[in-house]
Every structure is written in structure tokens, then in C-alpha cells.
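# Structural characterization, general
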Amino acid sequence: MSLAPITPLRPVPLGTLRCALERRTDGSMLVRSTEPLDPVPPRLTDALEHWASAAPDRTFLARRLADGTWARLTYAEAHTKARAIASHLLARGLSAERPLAILSGNSIEHALITLGGFLAGTPVAPISPAYALMSTDHARLRGILERLTPGLVFVEDADPFARAIASAVPAGVEIATCTGATPDRPATRFASLLEPAGSLASVDAAQSGVGPATIAKILYTSGSTGLPKGVITTHGMLSANQAMLRHWLAWAREVPPVLVDWLPWNHTFGGSHNVGLVLVNGGTLYIDDGRPTPAGIAITARNLREVSPNIYFNVPKGYEELLAHLRRDAELRDSFFRNLKMLFCSGASLSPHIAAELDRLAIESTGARILMVTAFGSTESAPACTVPTAAIAAIGNIGTPLPGLTLKLVPAADKLEIRAAGPTITPGYWREPERTHDAFDEEGFYCFGDAVRFAIPGDPAGGLLFDGRVSEDFKLSTGTWVSAGAVRTRLIAGLGPLARDAVLAGHDRNALAALIFPDLDGCRALLPVSHRTATDERVLAHPDVCAAFHIRLTALAATSPGSSTRVVRILLLAEPAAIDANEITDKGSLNQRAVLTRRSALVAALYADPPGASVIVAAAG
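Residues numbered from 1 in each chain as written. Predicted model: local features only at pLDDT ≥ 70, side-chain atom pairs only at ≥ 80, totals over all residues. Heavy atoms only, no water.

## Regarding the packing of aromatic side chains
This model, assessed by the stated rule, comprises 14 aromatic pairs. Between Phe-269 and Phe-344, the aromatic rings sit 5.4 Å apart at their centres with planes inclined by 35°, giving tilted as the arrangement. Taken as a pair, Phe-269 in helix H9 (residues 268-280) and Phe-344 in strand S15 (residues 342-345) lie far apart in primary sequence, 75 residues in all. Judged by centre distance (4.8 Å) and plane angle (70°), the rings of Phe-376 and Phe-448 are edge-to-face. Of this pair, Phe-376 sits in strand S17 (residues 376-377) while Phe-448 sits in strand S22 (residues 446-456), placing them 72 residues apart in sequence. The buried category is assigned to Phe-448, whose relative accessible area is 6%. Taken together, the ring pairs in this structure connect Phe-376, Phe-440, Tyr-446, Phe-448 and Phe-466 into an aromatic cluster. (Phe/Tyr/Trp six-rings, centres within 6.5 Å; stacked < 30°, edge-to-face > 60°. Helix = DSSP H or I, 4+ residues; strand = E, 2+ residues; numbered from the N terminus. Buried < 20%, exposed > 50% of the residue type's maximum accessible area, 1.4 Å probe, protein only.)

Here it is, written out as C-alpha cells:
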């Protein structure tokens with residue numbers, strides 16, 4: 001028997017999260033937080049000014065240098081440098097009509113120029129580097145910048161972005177960079193922005209005019225079709241969300257958070273939630289240049305061996321990759337768990353065996369389990385919307401609404417669609433009135449497009465369970481609804497460790513099938529050593545790999561109760577999802593509809609009768 005269920009959690013003080021349920025005559029329900037929301041500062045940068053005075057020498061941000069040491073930025077240094085940058089932005093006339101765009105990833109300079117924008121009252125638009133580095137035609141980046149009309153574009157190192165800059169950044173827009181060159185156009189060195197452009201009185205005047213309704217960020221998030229949407233994020237939204245989180249994370253009011261974090265700042269979770277959590281509570285963020293890949297996780301492990309976080313954020317794949325290092329490296333294991341109060345998992349649901357193994361290693365290292373939580377939110381909610389208490393924390397339980405928020409649960413087929421209203425909800429999309437109108441219902445609730453269900457039927461205190469995307473669900477030809485999210489999660493788990501992701505097909509068909517994005521490393525491991533260097537296509541066509549998928553698919557089909565949960569055919573994809581074709585969102589998740597549209601010929605092959613040799617069919621039960 002596992003020790004995890006009977007081993008206590010390491011104590012962690014959390015705030016109360018009470019709520020009330022109102023049932024309405026139209027079948028919808030309101031779930032209101034009954035917790036009062038603490039006073040909300042008008043600007044997030046008020047925290048920067050506070051900590052620059054209260055703890056001037058405390059490290060705010062750190063990033064490892066090429067020589068292995070850590071470059072550190074104190075709160076006092078951050079405040080001084082951000083004010084200097086703000087003076088330059090104001091001198092250049094940047095404004096809501098001419099925002100600041102950032103193309104590169106997480107860095108101390110990225111943070112400083114963002115804070116400079118906040119102090120100047122200039123909207124900051126951090127754009128996914130993938131649009132510049134992984135794209136072949138830069139069409140999406142060009143479209144974003146045409147709509148954004150930036151007055152300045154920042155890249156940390158211009159060299160890898162040179163082609164994208166030439167292709168997508170209008171000729172009259174100034175480029176600022178720390179290193180590298182922009183052929184055929186001048187570039188401003190970032191270092192020159194660190195000395196004030198004249199008097200700082202202009203910064204003080206600009207800051208006094210920044211209030212809750214002032215735009216802080218424009219964050220781009222991919223939809224199913226068209227250009228990414230620019231989500232307007234105000235100073236009030238960011239400040240209110242951090243006030244909510246301070247209520248929940250009661251321990252962080254007394255113990256400054258310490259993070260080792262790779263999550264990208266062009267995404268709301270890394271850039272708004274995590275950076276904001278550190279800034280507001282006077283903590284320290286160690287920028288992790290690792291990634292949840294076999295190569296990238298080694299960088300993360302090195303960082304975690306030296307720095308002991310007290311709260312840790314990652315996606316399921318990140319935890320999966322980290323586990324291998326934690327198992328074999330006692331020094332890493334002890335450093336990782338030493339001060340840890342909470343583990344936070346975002347994105348897709350964490351596999352139970354991964355959570356159980358984290359419990360086992362935590363017990364081995366500390367004698368206690370570490371609280372693992374997940375939550376719910378979106379770019380449009382700044383982002384945290386629901387969180388759990390320790391009593392209801394469990395894989396898949398997204399908790400109850402944070403103080404100041406009201407949820408609206410609306411029947412949609414056999415599901416409950418979740419909507420929200422409150423001070424953290426976006427006023428809309430940048431320069432897109434039609435999309436803004438369509439995102440809200442008649443009462444002003446933002447419509448996430450996601451579904452939830454009660455963990456305890458009818459009792460919101462037990463928390464909510466994520467129940468997939470409403471838009472991804474579909475009907476078979478029999479009229480039976482398919483809960484795509486739940487089926488997809490079970491399919492990936494059942495095919496593991498051979499499958500990374502899956503897209504379900506079956507709309508208006510009589511059976512479910514799926515396109516599989518395989519884990520090529522896992523597939524190669526099945527083969528004789530002499531075959532492991534073969535092309536991806538040959539690996540996926542190898543009889544040993546096909547047999548392994550067949551066995552797992554057949555086992556899953558045998559334990560699936562009906563046609564709406566039983567996947568009977570799969571096809572393995574050698575070509576990865578393409579960002580240019582909108583198959584990958586800026587969050588790194590699959591755009592299900594785009595994949596099915598672009599690969600419609602493969603969907604047709606799944607349903608061919610008889611099936612082709614590339615289609616793997618579950619054995620009849």
C-alpha cells in the first residue's frame with residue numbers, strides 16, 4: 001500500500017474560500033464568493049515602489065549567466081532602472097496608440113522594459129517568440145503588429161529575430177536590443193535606456209495618471225481561426241487578481257515567495273500570475289532557461305539543485321520530465337523539497353501516477369507530502385479565477401471562486417458552461433469590437449467556452465471539476481454526445497508513454513477515432529538499438545511500435561463502456577503540429593479544430609473501409 005494517503009501534508013496556511021449557490025429559473029446557477037476582497041491598489045507598480053524602499057537590497061530577479069553565476073537585480077535597482085526606461089518611452093511618445101512590443105523570451109531586461117511601460121502608462125505587448133522563430137512566413141506576427149501599431153519593439157538578442165524583424169516589423173518602428181544586429185536598419189541599445197532621458201518629473205506625472213482602467217498589457221491568445229486575439233489587461237485587473245491571491249496564499253504575506261520558473265511571460269500564467277505574485281509579495285524569481293523537454297529539463301534540474309523554491313509552478317509534462325532527475329539525484333531532491341509549501345500544476349490534468357510519485361519522493365525527502373493544487377482561469381481573467389482549499393485539493397479539482405468573483409454555470413447539452421464576472425475580467429479585445437461583443441453574454445459575464453461539474457453534486461464548497469471545452473464536444477451519428485476532453489485525457493494516459501497528445505475525430509460518424517502525436521523518444525525506446533536512428537516515419541511504421549499501440553488501444557477499447565468513450569482507430573503523425581497553420585496555440589496546446597481541418601485527408605483515412613496499413617485498429621472485443 002502507498003504511504004501517500006496516510007502521510008500528512010506539510011502544513012501551509014491558506015485563506016478561507018467560502019461561496020454561495022443561487023439557482024435560477026432558467027436553469028443557470030450563480031456561484032458567488034462570499035469572501036470580502038481586500039483593498040486593491042490602483043497600480044501593480046505601487047508594489048515595486050514599496051519594496052524598493054522596504055527591502056531595497058533584496059533580489060527581485062535573477063538569471064544564470066554563461067559563466068554559471070547568477071546575475072541579480074534588486075528591488076531598488078529595478079525601481080531606478082524602470083523609471084529611467086519609462087522616461088525614454090515617454091520621450092518617444094509611446095502611448096495606447098503606439099504601445100511597446102516585446103518579441104523575445106523571459107529575461108531581466110524583458111522585466112525592466114515591461115515595468116518601464118507600466119510606469120509610463122504605456123501598454124506592453126509581449127508576443128510569443130514562436131511567431132518569429134518557428135514561423136516560415138511570419139504572417140501571424142505581421143498581422144499582430146499591423147493591428148497593434150507599436151512605437152517600439154524590444155528583442156533581447158536581435159540575431160535570431162533578424163529575419164522576422166525584416167519581414168514583419170514596419171520600417172519606421174524603432175528596434176531596441178541588448179545584443180545582435182538588425183541588418184539594413186538601425187537599432188537602439190538597451191543599455192542606453194538605463195540613463196534617464198532628462199528629468200524624471202515626466203515619469204512621476206505619467207504615473208499619477210495611471211489608474212485601474214489604464215491598459216497595462218495586451219496579451220495575445222490564439223483562437224480556433226484567424227489572428228490571435230489581443231486581450232486587454234488593465235492595471236486594475238492585475239492588482240485585483242494579486243489581492244485575491246494574497247487572500248488565498250496567506251503564507252505569502254509573511255514569507256516572500258521564491259520561484260524557479262520557466263513559464264513564458266508572453267502568457268498570462270507566467271507573466272502576470274507568477275511575476276505579479278513575486279512582485280506584490282516582495283519575493284524572488286529565478287528565471288529558469290530550461291524547458292519541459294529531455295534536454296531542457298537538465299537546465300531546470302541544475303537550477304533547482306542550487307535554489308530551493310517555496311512554491312513551484314509547472315505543466316504536467318514538466319513534472320514528468322523532472323521526476324526522472326528527482327529519482328536519481330538525492331541532492332536535487334533534497335533541495336527541491338526542502339522549503340516547498342505548494343506544487344502548482346497548470347494546463348492539462350496531471351497523470352495520477354506522476355502525482356503519486358511526487359508524493360513518494362517528498363515523503364522520502366521530508367517525511368511529508370506537499371500540497372499539489374490546480375486552478376482555473378484564462379488570459380481574459382488576469383488569470384486566476386478559481387482555486388482550491390487544502391481540504392478539496394485533488395487532481396482535476398479547480399476549486400471555488402476567488403474573492404470578488406461570481407461564476408455563472410449555464411446548461412449546455414449535458415454539461416455546465418462556466419462564465420465569470422468581476423474586477424479581473426477583461427474589458428475586451430484590442431481593436432476588435434465584434435470579438436469583444438461575442439465574448440460576453442447578455443448579463444456581461446465573460447464566456448470561457450469551458451465546462452465544469454460539481455465535485456459534490458449541487459455543493460460548490462466541494463469545488464468544481466474541469467469538464468473539457470464546450471466547443472470541442474460533438475455528437476456521433478447516433479446523436480450521442482462525446483465529451484472530448486475526458487476521452488482525450490483517458491486516451492493519452494492509456495497510450496502512455498508512447499503518445500504526447502491526441503485529437504479526436506468522429507463528428508457525425510458512428511465511431512470515435514484519433515490522430516496521435518507520438519512521443520518519438522518513447523517509440524524509439526521500443527526498437528532494437530540498431531533501428532533507433534531511423535527516420536521518424538520509419539520508427540512509427542515499425543511493427544514493434546505499431547504492435548505496442550495496438551495492444552494499448554485494444555485494452556482501452558475493452559474497458560470503455562460505450563461508443564462515446566471508445567476509440568477504435570488511431571493514426572500516428574510523424575509531422576509535428578505547425579504553428580504557421582494555427583495548430584499550436586501560444587500556450588503550446590493543440591488547436592483541435594485546426595488540426596482536424598488541416599489534416600482532413602488523414603481523418604478520411606481513419607474512416608476508410610477497409611482501413612489502410614497506417615491505421616491502427618483496436619481488436620474486436
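## Looking at the nonpolar core
The nonpolar side chains of a soluble globular protein tend to be buried with one another. Residues Phe-60, Ile-113, Trp-248, Met-342, Leu-402 and Leu-409 are the most contacted members of the largest nonpolar core, which totals 85 residues. The biggest single contributor to this core is helix H3 (residues 108-120), with eight residues. Beyond its immediate sequence surroundings of up to four residues, Leu-402 is in contact with Leu-17, Ser-33, Asn-241, Met-244, Leu-245, Trp-248, Ala-384, Cys-385 and Val-387. Judged by nonpolar contacts, the second largest core, of 30 residues, contains Phe-474, Ile-492, Val-567 and Ile-616. (Core = buried A, V, L, I, M, F, W, Y, C linked by side-chain atoms within 4.5 Å. Contact = heavy atoms within 4.5 Å.)

## With respect to the side chain of His-79
Structurally, the position occupied by His-79 is in helix H2 (residues 75-91). Residue class for His-79 comes out buried when judged on its relative accessible area of 19%. Aside from chain neighbours lying at most four places away, what touches His-79 is Leu-48, Glu-49 and Ala-52.

## A few points about the environment of Val-155
Within the secondary structure layout, Val-155 lies in strand S7 (residues 152-157). Owing to a relative accessible area of 0%, Val-155 belongs among the buried residues under this scheme. In the structure, Val-155 is positioned 179 residues away from Asp-334 in sequence and 37 Å away in space, judged by C-alpha atoms. Residues in contact with Val-155, not counting those within four places in the same chain, are Leu-103, Ser-104, Phe-161, Ile-165, Ile-175, Ala-176, Thr-177 and Cys-178.

## Things to note about helix H10 (residues 296-306)
Within the sequence span of H10, burial applies to Gly-296, Ile-297, Thr-300, Ala-301, Asn-303 and Leu-304. Axial view of H10: buried residues confined to an arc of 165°, hence all on one face. Turning to H10, the residues buried within the fold contact strand S3 (59-64), strand S4 (70-74), strand S12 (258-261), strand S14 (311-314), helix H11 (316-328) and helix H12 (330-338). (Arc of directions from axis to C-beta.)

## Focus on the pattern of salt bridges
The full count for this structure, using the stated rule, is 30 salt bridges. Across the pair Glu-97 and Arg-431 runs a salt bridge, and its minimum N-O distance is 2.9 Å. With Glu-97 in the loop between H2 and strand S5 (100-102) and Arg-431 in the loop between strand S21 (415-421) and helix H14 (433-438), this residue pair connects regions lying 334 residues apart in the sequence. Classification of Arg-431 as partly exposed rests on a relative accessible area of 37%. Within the structure, one salt-bridge network assembled from shared partners comprises Arg-24, Lys-408, Glu-417, Arg-419, Asp-441, Glu-442 and Glu-443. (Salt bridge = Lys/Arg side-chain N within 4 Å of Asp/Glu carboxyl O.)

## Here's the deal with the sheet that holds strand S16 (residues 371-373)
Paired through their backbone hydrogen bonds, the strands of a sheet run either parallel or antiparallel. Ordered by their spatial adjacency, three strands build an open sheet running S14-S15-S16, and the pairing between neighbours is parallel. Edge positions in the sheet fall to S14 and S16, since each of these pairs with one other strand and no more. The sheet shows a mean angle of 20° between the axes of neighbouring strands, taken without regard to direction. Pairing analysis gives three bridges linking S15 to S16, with the strands arranged parallel. What sits directly across from Met-342, in S16, is Leu-371. (Pairing = 2+ DSSP bridges. Axes fitted to C-alpha atoms, helices over the stretch in contact; angles between N-to-C directions.)

## Description of the pairing of S15
Residues of S15 alternate between two faces, with Met-342 and Phe-344 on one and Leu-343 and Cys-345 on the opposite face, all of them buried. Alignment of S14 against S15, held across four bridges, turns out to be parallel. Looking at the pairing, Tyr-312 lines up with Leu-343 of S15.

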